[in-house]
Amino acid sequence: MIFKRVGDSRPYPDHGLGSKEWASVPPRQVRLDELVTTKDTLQLAALLDEDSTFFGDLFAHVVLWRDELYLEDGLHRALRAALQQRNVLHARVLRVDDKA
């Protein structure tokens, strides 16, 4: 199994972070088998494209909410890591709390 679970949406509250704010979140290693995806489809061309991160963040974006790690952005990076037989991914992890 590559991921903990495959989801198709973002169950957590909107965090409102844009590209600049994500860049301030320090990256760390995350195990692939601890991630829950927020997308259940991918574009094969993006998976195979070596330059797919050229204009984007080099690190995946993960949201920690209710003790679950949700892969918000970086599904292609995560699958590429799995295909290379790596079990960790470098990601920016944002903790999101429930909003009252």
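For the protein chain, an unreviewed UniProt entry supplies the name Type II toxin-antitoxin system VapB family antitoxin and the organism Nocardioides bizhenqiangii.

**Student:** Just checking my understanding: could you explain the sheet that holds strand β2 (residues 27-31) for this structure?
**Tutor:** Within a beta sheet, neighbouring strands are joined by backbone hydrogen bonds and run either parallel or antiparallel to one another. Taken in spatial order, the 6 strands of this open sheet run β1-β3-β5-β4-β6-β2, and their pairing is mixed. Looking at strand neighbours, the two that pair on one side only are β1 (5-6) and β2, the edges of this open sheet. Relative to the sheet, helix α3 (residues 75-83) contacts β3 (35-37), β4 (60-65), β5 (68-73) and β6 (88-95), its axis offset from that of β5 by approximately 110°.

**Student:** Help me understand the pairing of β5, please; the structure alone is not making it clear to me.
**Tutor:** Burial within β5 is extensive, with 5 of its 6 residues counted as buried. Pairing of β3 with β5, which is carried by 3 bridges, proceeds in the parallel orientation. Paired with L35 across the bridge in β5 is L69. Across 5 bridges, β4 lies against β5 in antiparallel orientation. By the bridge assignment, W65 is partnered in β5 with E68. Linking two consecutive strands that pair antiparallel, namely β4 and β5, is a turn of 2 residues; a positive phi of about 50° is found at R66 within it.

**Student:** Quick question: what am I supposed to make of unusual backbone geometry here?
**Tutor:** Negative phi characterises most residues that are not glycine, and trans characterises most peptide bonds. The backbone of R66 shows a phi angle near 50°, a positive value even though the residue is not glycine. Note that R66 resides in the loop between β4 and β5. The backbone of Q85 shows a phi angle near 60°, a positive value even though the residue is not glycine. Relative to the assigned elements, Q85 resides in the loop between α3 and β6.

**Student:** Help me understand the packing of aromatic side chains, please; the structure alone is not making it clear to me.
**Tutor:** Each aromatic ring pair is characterised by the separation of its centres together with the angle its planes make. Counting across every chain of the model gives 2 aromatic pairs. Both rings, one in Y12 and one in Y70, keep their centres 5.6 Å apart while their planes meet at 50°; by these two values the pair is tilted. You can see Y12 sitting in the loop between β1 and α1 (19-23) and its partner Y70 sitting in strand β5, a full 58 residues away along the chain. A relative accessible area of 8% means that Y70 is categorised as buried. Here the aromatic rings of W65 and Y70 are separated by 6.4 Å at their centres, their planes lie at 50°, and the arrangement is tilted. Take W65: its relative accessible area is 8%, and that puts it in the buried class. Feature note: the residues Y12, W65 and Y70 constitute an aromatic cluster, connected by ring pairs.

Rules and cut-offs
- Residues numbered from 1 in each chain as written.
- Predicted model: local features only at pLDDT ≥ 70, side-chain atom pairs only at ≥ 80, totals over all residues.
- Heavy atoms only, no water.
- Pairing = 2+ DSSP bridges.
- Helix = DSSP H or I, 4+ residues; strand = E, 2+ residues; numbered from the N terminus.
- Contact = heavy atoms within 4.5 Å.
- Axes fitted to C-alpha atoms, helices over the stretch in contact; angles between N-to-C directions.
- Buried < 20%, exposed > 50% of the residue type's maximum accessible area, 1.4 Å probe, protein only.
- Phe/Tyr/Trp six-rings, centres within 6.5 Å; stacked < 30°, edge-to-face > 60°.

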